[in-house]
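The chain contents come next:
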Amino acid sequence: MPRHVPCPSLDHRAVRRRVAAALSQEGPERRNIWGRRARSAAVLAAAAVALAGTALGVAAHLDVLDAFFRGDTAPVEDLVDRESLSISDKYFSFAVESSVSDGGTAYLVVRVDARTEEAAAALQGEAFFNMDTFIVCPVAGPDVPLSGDDQIGVPDAGSIRALMSHEMHIEEVGEAATGTSRTWRILAALGPGDRYLKVRLACMEPDRVLTVPLSPAPSVTVEIGAAGPGMPGLHLAGGGTVRLDTVTLSPFSCRAQIWRPDPAEDVSPLLFFLTREGTFLTLGQTAAQQSSYLYREDGTGSCLYRFERILDLSRLSAVVFAGTAYPLDGGEPYPVEVPSSLLPFRLPLMDRLSEDAGYSLSVQALCRALGASCVWDEDARTAVCTYRDTTISLTVGAGTALVDGQEVALQAPPALRDGVLAAGCQVFSDAWGLDCFCPFSPDGTSRDGWIVIP
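Criteria and cut-off values
Residues numbered from 1 in each chain as written. Predicted model: local features only at pLDDT ≥ 70, side-chain atom pairs only at ≥ 80, totals over all residues. Heavy atoms only, no water. Buried < 20%, exposed > 50% of the residue type's maximum accessible area, 1.4 Å probe, protein only. Helix = DSSP H or I, 4+ residues; strand = E, 2+ residues; numbered from the N terminus. Contact = heavy atoms within 4.5 Å. Core = buried A, V, L, I, M, F, W, Y, C linked by side-chain atoms within 4.5 Å. Pairing = 2+ DSSP bridges. Axes fitted to C-alpha atoms, helices over the stretch in contact; angles between N-to-C directions. Salt bridge = Lys/Arg side-chain N within 4 Å of Asp/Glu carboxyl O. Disulfide = S-S within 2.5 Å.

## Some words on helix α3 (residues 117–124)
Move 1: Along α3, the residues classified as buried are Ala119, Ala120, Ala122, Leu123 and Gln124.
Move 2: Of the surrounding elements, those touching the buried residues of α3 are β3 (92–101), β4 (105–114) and β7 (181–189).

## Some remarks on the nonpolar core
Move 1: Core analysis: the largest hydrophobic core is formed by 72 residues, its most contacted members being Leu249, Phe273, Leu366, Leu394, Phe428, Trp432 and Leu434.
Move 2: Leucine 366 has contacts with Phe345, Leu347, Leu361, Phe428, Trp432, Leu434 and Val452, leaving out every residue within four places of it along the chain.
Move 3: Tyr91, Val110, Leu163 and Met204 belong to the second-largest nonpolar core, a separate cluster that totals 35 residues.

## Some words on the sheet that holds strand β19 (residues 334–335)
Move 1: With respect to topology, five strands assemble into an open sheet ordered β14-β13-β17-β18-β19, the strand pairing being antiparallel. What marks the edges here is a single partner per strand, and that holds for β14 (280–282) and β19.
Move 2: Pairing analysis gives two bridges linking strand β18 (residues 324–327) to β19, with the strands arranged antiparallel. Residue pairing across strands places threonine 324 opposite proline 335, the latter belonging to β19.

## Concerning the sheet that holds β7
Across a sheet, paired strands are connected by hydrogen bonds in the backbone, their directions being either parallel or antiparallel.
Move 1: Read from one edge of the open sheet, five strands run β2-β3-β4-β7-β6, paired in antiparallel fashion. Bordering the open sheet on either side are β2 (85–88) and β6 (168–172), each of which pairs with just one other strand. When the angles between neighbouring strand axes are averaged without regard to direction, this sheet yields 20 degrees.
Move 2: Where β2 and β3 come together, four bridges link them in antiparallel fashion. In the sheet register, serine 86 faces β3, and the bridge partner there is alanine 95.
Move 3: Taken strand by strand, α3 contacts β3, β4 and β7, and its axis lies near 50 degrees from that of β7.

## Re unusual backbone geometry
Move 1: The backbone of aspartate 389 shows a phi angle near 65 degrees, a positive value even though the residue is not glycine.
Move 2: For aspartate 389, the location among the structural elements is in the loop between β23 (382–387) and β24 (390–395).
Move 3: Judged by relative accessible area, aspartate 389 falls into the exposed class, the value being 74%.

## Focus on the pattern of salt bridges
Move 1: All chains considered together, the criterion is met by 12 salt bridges.
Move 2: Put simply, glutamate 77 and arginine 82 hold a salt bridge, and the shortest N to O gap is 2.6 Å.
Move 3: Between arginine 260 and aspartate 266 there is a salt bridge, with the nearest N and O atoms lying 3.9 Å from each other.
Move 4: Residue classification places arginine 260 among the buried residues on the basis of a relative accessible area of 1%.
Move 5: Here aspartate 266 falls in the partly exposed class, since its relative accessible area comes to 46%.
Move 6: A single network of salt bridges, built from pairs that share partners, joins Asp63, Glu77 and Arg82.

## A closer look at the pairing of β24
Move 1: Here six bridges tie β23 to β24, and the two strands are oriented antiparallel to one another. Residue pairing across strands places threonine 382 opposite threonine 395, the latter belonging to β24.
Move 2: Two successive antiparallel strands, β23 and β24, enclose a turn made up of two residues, where arginine 388 displays a positive phi of approximately 50 degrees.
Move 3: Where β24 and strand β25 (residues 400–403) come together, two bridges link them in antiparallel fashion. Looking at β25, one finds that serine 393 is bridged to leucine 402.

## Focus on the state of the cysteines
Move 1: Using the criterion set out here, one finds zero disulfides in the structure.
Move 2: Sulfur of cysteine 374: no disulfide; nearest cysteine sulfur belongs to cysteine 385 and is 3.6 Å away.

Set out below in C-alpha cells:
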C-alpha cells in the first residue's frame, strides 16, 4: 500500500468498542441486536482489476432498493432519494448513491472511487474495509456538528463515537466493483427525531462529510393491548406468553411494543398479517431475516423485524394476534382463524449428515406439515419440493441443491435413511422463509426435536 495514500487499517480497539456497544447491557436493558434468524454481514471480496496506464474503470450505479430488497419494490419507488451526494479529496471520491428510510432505519448505498493509481491499489487492498472504514451518525438536523473523535474510553456527548448509529450493518456489493471503485450497502438504526445522516469515509479529511436528508416512509400504528402466545424460542420451546401493546408497520419493517409477564423470558409475539383478499402472511413471507430485540427488567420491550420483501400496506387489512384481527384503519377487532399450516410445528430430529453438519430433518415430513408439494424421482434419487412459488431440488449425495434452477451449496449432501430423505434445514430456511431450529429440552441438557415457524 502506498505510504502517502491515507487509508484505514484495522483498529482492534475500535472493533472491540463497536461490538461491546452493540451487545452490552445498558442499565436494566438487554439487547439482542441480531436476533435468532439474522444473517451475519458477509464481506464480498471485489476482484482487483489491473489498470492500463492511467485509465480508470467506470463504476456501476446500484439502486438502494435493488441492494436491500427482493421481489416487487414498485410500492416504494417514489420514496427513494436518488440524488447522488459526493465529496472528494486528492485520492478518493465518496458518494451516497441513493437512500431510503422509515424513521427507524436508514438504508443507503455508498461508493468509493479512487482518483489515482496509488489510491486504486489502496482501495483494492484487504485492509481498506473494516468496521471503522465508514462513519455514519444519525442526527436531528443538518447543522449538528461532528466534533473530535475519541479513541479510548467513554465518548464525549458530542463526539463522533457518541453520535454513531448504535446498530449498523455494512456489506460490500462485490458485483458492483471495478478496478477503481467499490460499493457498499449500509443499514443504520435511527433514534427518535433523527432526520439526517452525517456520513464520511474515515480515511478522508474530517471536514469531508456528507449530510443525507431522510424522508420517512409512511407507517401505521395499530393498538392491540392483548395477551397471547409468544414465538417458540431456543430456550422456550412452548413460546411463553406476551402482551402485545402496539404494532407499527412500514413498508420496510414491523416494530412490536410488548410486555412480558415473566421478565426473565425473552419472548416475542406470534404475528400474522391479513390481506384485503383474505389471505394470511407470516413474518417469514416478508423474509424478516434481521431482527432486533430490546428487553427491560420491568417486562417491557420491543421487537423490530426488518423485511427483505417490501410490505405493501395498501394490500393489508389487519394485524392478527392470538386469533384476533386488529384492523389497520382502527376499526373494531374481530376473531379470525389462522390456517394450521402457518402455525409453528414440531418435527423429530434426524442424525447428522456429516461430522461438521447439524441435525437433519425429514424432507417429506417438512413438506407435509407445510402443505408443500414433494415429488420423488426414484431413478434420479431426487426430490422436487415447491412452496410459496419457490422450487427446491435435492439429490441424494449431491453437495448442491437447485433453488428455482440456481445452484446453492449445501453444508452436507442429503441422504436416504430407512427410505426417508434427510437434509439440512438451511436451504429451506433461506428459500422458503422458514425459521427452523432445535430448541433445548426443559432441563437444558439436550436438543428437543425441530421447531419450524413458517
